[in-house]
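Take a look at the letters that make up each chain.
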Amino acid sequence: MPNFTKTRMLNICEFFISHQGEGRLIGELMYFIRLGGCNLNCIWCDTRYAKYEFKEYRLEEVVAKIKDEWRRGRWICITGGEPLMQENSKRLIEILDRDYKILLETNGSFPIPSFKNVLASMDVKCPSSGEENSTLLSNIELLKERDQLKFVIGTKEDYDYALNIIKKYKPRSAVVFQPQGGLRTRPEDFEWLFKRSKEDSLNVRVILQQHKLVFGGKRGV
Ligand code: SF4
């Protein structure tokens, strides 16, 4: 049993079970823990509610809940908001990492701690997000082959920006381009992104957010 010597608290927005809707683990069934609060203000943020809607939980309460509700599950996604804003999220991940496969989704603005098995998904914020200067680019060098670097691409300027970062930092991890479509944009509006990355022979995966195509903007599905 984990040793909880002092009370550690976590702000959590929601818990739910769903198929991962994006990135290299798309389609995997996961238990999602969405931590509350975020230090950024991306223009196209699709989880703005996570910045303000959350409740405080004791760390041991969260661990017990997951052990109870996800007994036979494999993957847990720690997402936000921004999970690394909270000091105790690292401890939560370390405990869960013993029994589960963990995907940590971070906006890339805090140093990414070194975990034993965790798969880190780090965003690089492109110009159309309005948070271009928030990414801690030195994090890219810490990413391992199993991790992923994600660029949400909304415009051709974003594409060129991403290209320059890839050329400069040569990430070891997988690289994912995710069209910034939200609910308003049709997938075919991003034909250019598939074509450009093919013409440029980029070693990247261009992946849409499947949960939005299937469920629209619903939460917790
Ligand atoms: S980092 Fe994520 S949660 Fe925070 S504002 Fe940007 S998109 Fe929203």
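Overview of the structure.

The rules we used
Residues numbered from 1 in each chain as written. Predicted model: local features only at pLDDT ≥ 70, side-chain atom pairs only at ≥ 80, totals over all residues. Heavy atoms only, no water. Helix = DSSP H or I, 4+ residues; strand = E, 2+ residues; numbered from the N terminus. Rg over C-alpha atoms; globule rule 2.2 N^0.38 Å. Buried < 20%, exposed > 50% of the residue type's maximum accessible area, 1.4 Å probe, protein only. Contact = heavy atoms within 4.5 Å. Areas by Shrake-Rupley, 256 points an atom, 1.4 Å probe, with all protein chains shown as cover. Lys, Arg positive; Asp, Glu negative; His and termini not counted. Charge placed at Lys NZ, Arg CZ, Asp CG, Glu CD.

## Looking at the overall build of the protein chain
- A tally of helices and strands in the protein chain yields five helices and nine strands.
- The order of α-helices and β-strands along the protein chain, N terminus first, is β-β-β-α-β-α-β-β-β-α-β-α-β-α.
- A compact globule built from 221 residues would reach a C-alpha radius of gyration of about 17 Å, and the protein chain, at 17 Å, matches this within 12%.
- Along the three orthogonal principal directions, the C-alpha set of the protein chain runs to about 55 × 35 × 30 Å.
- When each of the 221 residues of the protein chain is scored for burial, the buried share is 52%.
- Contacts in the protein chain between residues at least 24 apart in sequence constitute 72% of all its contacts with a sequence separation of at least 6.
- For the protein chain, the computed accessible surface area is about 11300 Å², with 48% contributed by carbon and sulfur atoms.
- If the 36 positive side-chain charges of the protein chain are averaged to one point and the 30 negative ones to another, these points end up 3 Å apart.

## Here's the deal with unusual backbone geometry
- Backbone torsion omega between Gly80 and Gly81 reads 15°, so that peptide bond is classified as cis.
- Tracing the chain through its elements places Gly81 in the loop between strand S4 (75-79) and helix H2 (89-96).
- Positive phi, normally seen in glycine, also occurs at Lys170, with a value near 40°.
- When you line up the elements, Lys170 lands in the loop between helix H3 (156-169) and strand S8 (174-179).
- Residue Lys170 is classed as exposed on the basis of its relative accessible area of 63%.

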